[in-house]
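A look at the structure
Residues per chain, in single letters:
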Amino acid sequence: MKLSVVILNYNVRYFLEQCIISVERAIEGIDAEIIVVDNNSPDDSCIMVKNNFPHIQLLANKENVGFSKANNQAVAVAKGDYVCILNPDTVVSEETFSQVLAYAETLPKLGALGIHLMDGTGNFLPESKRNLPTPKRSLLKMLGKTSGKNGYYAKHINETGKGEVDVLVGAFMLMKRSVYLEVGGFDEDYFMYGEDIDLSYKLQKAGYKNSYLGSLTLLHYKGESTQKDGAYLDRFYGAMRIFYRKHFQSNLITNSLVNVGVALAKIFRKRKEKNRKRVPPTIKKVLVFTESPILVEQISGKFNVPVNFASATDLENANFTNTMCIFDVDYVSYQQIFELMKVRKNRQNSFRMKPPKCNFVIGSDQSDDKGGVMLL
């Protein structure tokens, strides 16, 4: 078998369903499997997978064992030469896996391979490619200085470019299963956060090279699986303490600086979250890209603004603002949707999708906050 796609889920049933649908489209013609691991979700995620995707291997944990342990659990039973670690709140385009596998085959000593991540508004997520977060880089990032060789993000590679990077994001990491197992997979000392940084660094220390391919885009509804509350901050910065303790020379001065830096970072982050104003786009009309009058009628009852049909021609000639675009994925491809989102971003537009054969519309207007699900 060529590929195993591992999706770790926790309590995001509708996002998981869309993710699986997009992956199934993307692995057509590839000898591949999908493995879903559920960390004891309180919603009906497992029931949905059993009913809608009975052919998929489901590992239903009786407790939340964390990111690292659950992914390791899935890779242990995977059959693919390659494994792709994938978040449930993501969507892949139809060509993603055929193209990423072809590119991976050209890279000697490949560690992990990542791609261009964009959020639900069509904007690039800079964590798609990062430099190693040394204490110095992390401190400079906290101070707002992220440019040059000491920058936190790997800006030496263009968003749509390709090349070698230090750190990739765990929302999408493709690697050979043998390499994953050789370095021990994700470190289970981390419960959540920091695991992707740790694995990226372990791969480098073992002599492998991590790569970024910006010509392929992944939609990541960042923030769906977690909330940025006090528990999140404790786990996130606690993970960074673990990383520094494991991989950097420890002494009293360094440990003190790291502890002070982590404490200050938590304070600044809490203050930033408290003061940040979330202003949703002003929507004046809704365009439904579909051939289904029934879908347009269903959606019309959900809004107090005009709801109109839109055609594939409108995709090519789209020029609008203050518009919610709802895409019927039975009518337009994920690849077409991604391209339009990139072109129409930052114009007070919103983007939603109705996955094939589903009774919901899904999307997000914030890069780091929960998205929304509208049941039809």
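Report follows, based on the coordinates.

As for its position among the elements, Asn-9 is in strand E1 (residues 3-9). Within polar-contact distance, the side chain of Asn-9 engages the side chain of Ser-41 at 3.3 Å. A distance of 3.0 Å separates polar atoms of two side chains, one belonging to Asn-9 and the other to Ser-45. Among residues more than four places away in sequence, those in contact with Asn-9 are Leu-16, Val-37, Asp-38, Asn-39, Ser-41, Ser-45 and Pro-88.

On to the sheet that holds strand E14 (residues 360-363). Sheet strands associate in pairs through backbone hydrogen bonding, adopting either a parallel or an antiparallel arrangement. Taken in spatial order, the six strands make up an open sheet running E11-E10-E12-E13-E14-E15, and their pairing is mixed. Looking along the sheet, the strands with just one partner apiece sit at the ends: strand E11 (307-310) and strand E15 (372-375). Adjacent strand axes in the sheet meet at a mean angle of 25°, parallel and antiparallel pairs treated alike. Along the sheet face, helix H10 (residues 293-300) touches strand E10 (285-289), E11, strand E12 (323-328) and strand E13 (350-354) and points at about 155° away from the line of E11. Contacts from helix H12 (residues 334-344) reach E12 and E13 within the one sheet, and its direction differs from that of E13 by about 170°.

Considering all chains together, one arrives at seven salt bridges under this definition. Glu-105 serves as the salt-bridge partner of Lys-2, at 2.4 Å between the closest nitrogen and oxygen. Here Glu-105 lies in the loop between helix H4 (96-104) and strand E6 (110-118) and Lys-2 lies in the segment before E1, a separation of 103 residues in the sequence. Of the residues examined, Lys-2 reaches a relative accessible area of 28% and is grouped as partly exposed. As a salt-bridge pair, Asp-44 and Arg-13 come within 3.4 Å of each other at their nearest N and O atoms. With a gap of 31 residues between them, Asp-44 in the loop between strand E2 (32-38) and helix H2 (45-52) and Arg-13 in helix H1 (residues 13-26) connect regions that are remote in the sequence. Given a relative accessible area of 34%, Asp-44 falls into the partly exposed group. One connected set of salt bridges, linked through shared partners, spans Arg-13, Glu-17 and Asp-44.

To continue, consider the packing of aromatic side chains. If you walk through the whole model with that rule in mind, you get six aromatic pairs. Between the aromatic rings of Tyr-14 and Phe-360, the centroid separation amounts to 4.9 Å while the plane-to-plane angle is 70°, which identifies the pairing as edge-to-face. One end of the pair, Tyr-14, is in helix H1; the other, Phe-360, is in strand E14, with 346 residues separating them in the sequence. With relative accessibility at 0%, the residue Phe-360 sits in the buried group. The interplanar angle of 20° and the centroid separation of 6.2 Å between the aromatic rings of Phe-97 and Phe-172 together place this pair among those described as stacked. Within this pair, whereas Phe-97 is found in helix H4, its partner Phe-172 is found in strand E8 (residues 172-176), the two being separated by 75 residues in sequence. The same class applies to Phe-97 and to Phe-172, which are both buried. Within the aromatic cluster, the residues linked to one another by ring pairs are Phe-67, Tyr-180 and Phe-186. A cation sits over an aromatic face here: Arg-13 above Tyr-14, 4.3 Å from the ring centre.

The next subject is the environment of Ala-60. As for its placement among the helices and strands, Ala-60 is situated in strand E3 (residues 57-60). In this structure Ala-60 comes out as partly exposed when scored by relative accessible area, which is 39%. When the C-alpha atoms of Ala-60 and Ser-41 are compared, they prove to be 8.9 Å apart, with 19 residues separating the residues in sequence. Those residues in contact with Ala-60, other than ones at most four positions away along the chain, are Asp-38 and Cys-46.

Residues Phe-360 and Leu-375, spaced 15 residues apart in sequence, show a C-alpha to C-alpha distance of 4.3 Å. In this structure, Phe-360 is in contact with Arg-13, Tyr-14, Glu-17, Met-353, Lys-354, Pro-355, Val-373, Met-374, Leu-375 and Leu-376, ignoring residues within four places of it in sequence.

One can describe the packing of H1 onto H2 by two numbers: an axis separation of 9 Å at closest approach and a directional angle of 30°. One way to sum up the angle between H1 and H2 is to call them roughly parallel. For the crossing formed where H1 meets H2, the hand is right-handed. Residues Arg-13, Leu-16, Glu-17 and Ile-20 of H1 form the contact with H2, whose own contacting residues are Ser-45, Met-48, Val-49 and Asn-52.

About the thresholds
- Per chain, the residues get numbers from 1 upward, laid out in the order the sequence is written.
- pLDDT decides what is reported in this predicted model: residues at 70 or higher carry local features, side-chain atom pairs at 80 or more are listed and counted, and totals for whole chains, interfaces and linings draw on all residues regardless.
- Side-chain numbers here rest on the full set of heavy atoms in the structure, without hydrogens or water.
- Helix numbers and strand numbers start at the N terminus; a helix is a DSSP run of H or I with at least 4 residues, a strand a run of E with at least 2.
- Polar contact is the term for a pair of N or O atoms within 3.5 Å; when the atoms are in protein, one must be able to donate a hydrogen and the other to accept it, and sequence-neighboring residues count only if both atoms are side-chain atoms.
- In this description, contact between two residues means that some pair of their heavy atoms is separated by no more than 4.5 Å.
- A pair of strands is treated as paired once DSSP finds two or more bridges between them.
- Axes, fitted as lines to C-alpha atoms, cover a helix only where it is in contact. Angles between the N-to-C directions of the axes lie from 0 to 180 degrees.
- Any Lys or Arg side-chain nitrogen found within 4 Å of a carboxyl oxygen on Asp or Glu counts as a salt bridge.
- Only protein chains enter the area calculation, which uses a 1.4 Å probe; residues under 20% of their type maximum are buried, those over 50% are exposed, and those in between are partly exposed.
- Stacked, tilted and edge-to-face pairs are distinguished by plane angle, under 30 degrees for stacked and over 60 for edge-to-face with tilted covering the rest, among Phe, Tyr and Trp rings (Trp via its six-membered ring) whose centres lie within 6.5 Å.
- Counted as over-ring charges are cases with an Arg CZ or a Lys NZ within 6 Å of the ring centre that also lie within 35 degrees of the ring normal.
- For classification purposes, an angle smaller than 35 degrees is called roughly parallel, one larger than 145 roughly antiparallel, one from 65 to 115 roughly perpendicular, and anything else oblique.
- Left-handed describes a crossing in which the near helix is turned anticlockwise from the far one by less than a right angle; the clockwise case is right-handed.

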